[in-house]
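Coordinate analysis (summary)
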Amino acid sequence: MAEGLAVEGLSVGFGGVRALDGVDLALRPGEIVGLVGPNGAGKSTLINCVGGQLEAAAGRVSLDGAPLDSMPPYLRARRGVLRTFQRIAVFPELTVREHLFVAVRARRPAGTRWSELVDRAQPNEAEALAIEEALDRVGLRERADVAVATLPLGACRLVEIARALVGGPRVLLADEPSSGLDPREAETLATVLRSVAGQGTGVLLVEHDLAMVAELCDRVVVLHVGRVIAQGSFAEVMADPTVQRAYLGHAA
Ligand SMILES: Nc1ncnc2c1ncn2[C@@H]1O[C@H](COP(=O)(O)OP(=O)(O)OP(=O)(O)O)[C@@H](O)[C@H]1O
Ligand SMILES: [Mg+2]
């Protein structure tokens, strides 16, 4: 049984567009894998299939050998498959801390009453500790009690990271998490991703900032028009003529 996340033969079509075409990908515990490729390559589609937001036409996704395919996103999240969104998905009127409370409370087993999630419920001691730790890790403690609607994009991305952290990630799927971050926030993000991987979480990092990919990733997978065209170290894939052609649109 393979430890970690395994994606096998994943295919997705949107009308006539083949967004993913037989994609295989493995992510071991503690590994940071960069998923790169030109716009429209299928990176977000892959994340959506692993997170459960999108159903694949063919292929399998499993965690530690257990299939995830028929599970809705909340059950995958309970297994530790957590994500951030390219177009951020936050509740504007909720505070940062409330986002983290909902996420930490959602880890409770099935049967949790909705009122326990959002009503006048208070975090228990362990939940409160997890929330405060995540706030510190992403540097949002001072802004924990403001509505996220008042926060700039960069801070909202860090809210999404913190939300994944309190969910107990075994696999973190981060879809362009550095987009809109200022240099200080980007440094915080890099530190958090490194430390979460250091704790044994596999990180799949979709990232346009190639310097960040080079700095953080143990391995890089290149997608192009729905197919994996190269994988290896950052240096290896960037030296690959097929990759250069995909990025430049002509023979390099
Ligand atoms: N909901 C959808 N309906 C129709 N086509 C879609 C949908 N989502 C994605 N596509 C198409 O599928 C292909 C892959 O899109 P995807 O968003 O996965 O690419 P990406 O690699 O994440 O690109 P980017 O770097 O711009 O985020 C593109 O051709 C895109 O237009
Ligand atoms: Mg995308």
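First, a word on scope: everything that follows refers to the structure included in this document. (Residues numbered from 1 in each chain as written. Chains lettered and ligands numbered in written order. Predicted model: local features only at pLDDT ≥ 70, side-chain atom pairs only at ≥ 80, totals over all residues. Heavy atoms only, no water.)

**Observations concerning the pairing of strand E3 (residues 32-36)**
Summarising burial for E3: 5 of the 5 residues are buried, a large majority. The side-chain alternation of E3 yields two buried faces, one formed by Ile32, Gly34 and Val36 and the other by Val33 and Leu35. Here 4 bridges tie E3 to strand E8 (residues 202-206), and the two strands are oriented parallel to one another. Paired with Val33 across the bridge in E8 is Leu204. Bridge count between E3 and strand E9 (residues 219-224): 4 bridges; the pairing is parallel. What sits directly across from Leu35, in E9, is Val221. (Buried < 20%, exposed > 50% of the residue type's maximum accessible area, 1.4 Å probe, protein only. Helix = DSSP H or I, 4+ residues; strand = E, 2+ residues; numbered from the N terminus. Pairing = 2+ DSSP bridges.)

**What about the environment of Ser233?**
Mapped onto the fold, Ser233 is located in the loop between strand E10 (227-232) and helix H9 (234-238). For Ser233 and Cys217, which are 16 residues apart along the polypeptide, the C-alpha to C-alpha distance reads 8.1 Å.

**A few points about the packing of helix H3 (residues 96-105) against helix H6 (residues 153-166)**
Interaxial distance between H3 and H6 falls to 8 Å at its minimum, and their mutual angle equals 30 degrees. It follows from the interaxial angle that H3 and H6 lie roughly parallel. Classified by chirality, the crossing of H6 by H3 is right-handed. On H6, the residues that touch Val96, His99, Leu100, Ala103 and Val104 of H3 are Val159, Ala162, Arg163 and Val166. Classifying every residue of the contact of H3 with H6 gives 7 nonpolar, 1 polar and 1 charged. (Axes fitted to C-alpha atoms, helices over the stretch in contact; angles between N-to-C directions. Parallel < 35°, antiparallel > 145°, perpendicular 65-115°, else oblique. Left-handed = near helix turned anticlockwise from the far one by under 90°. Contact = heavy atoms within 4.5 Å. Nonpolar A, V, L, I, M, F, W, Y, C, P; charged D, E, K, R; others polar.)

**Describing the packing of aromatic side chains**
Applying the stated criterion across every chain, the model contains 0 aromatic pairs. Between the NZ or CZ atom of Arg83 and the centre of the ring of Phe85, over which it lies, the distance is 3.9 Å. (Phe/Tyr/Trp six-rings, centres within 6.5 Å; stacked < 30°, edge-to-face > 60°. Lys NZ or Arg CZ within 6 Å of the ring centre and 35° of its normal.)

**Concerning the coordination of the magnesium ion (ligand 2)**
Those donors, Ser44 (OG) and Gln86 (OE1), are the protein atoms that reach the magnesium ion (ligand 2), and they lie 2.0 to 2.1 Å from it. On the criterion of sequence distance, the pair formed by Ser44 in helix H1 (residues 43-51) and Gln86 in the loop between strand E6 (81-83) and H3 is long-range, its members being 42 residues apart. (Donors = N, O, S within 2.8 Å, 3.2 Å for Na, K, Ca; no water.)

**Details of the environment of Gln122**
Here Gln122 shows up in the loop between helix H4 (114-118) and helix H5 (125-138). Exposure remark for Gln122: the relative accessible area of 61% places this residue in the exposed category. Placed 17 residues apart in sequence, Gln122 and Arg105 show a C-alpha to C-alpha distance of 9.7 Å. Excluding residues within four positions of it along the chain, Gln122 makes contact with Phe101, Arg105 and Glu127.

**Some points on unusual backbone geometry**
Notably, Asp64 is not glycine yet its phi reads approximately 50 degrees, a positive angle. Positionally, Asp64 belongs in the loop between strand E4 (58-63) and strand E5 (66-67). Taking relative accessible area as the criterion, Asp64 reaches 18% and is therefore assigned buried. A positive phi angle, near 45 degrees, is found at Val225, a position not held by glycine. With respect to the element layout, Val225 can be found in the loop between E9 and E10. Exposure remark for Val225: the relative accessible area of 55% places this residue in the exposed category.

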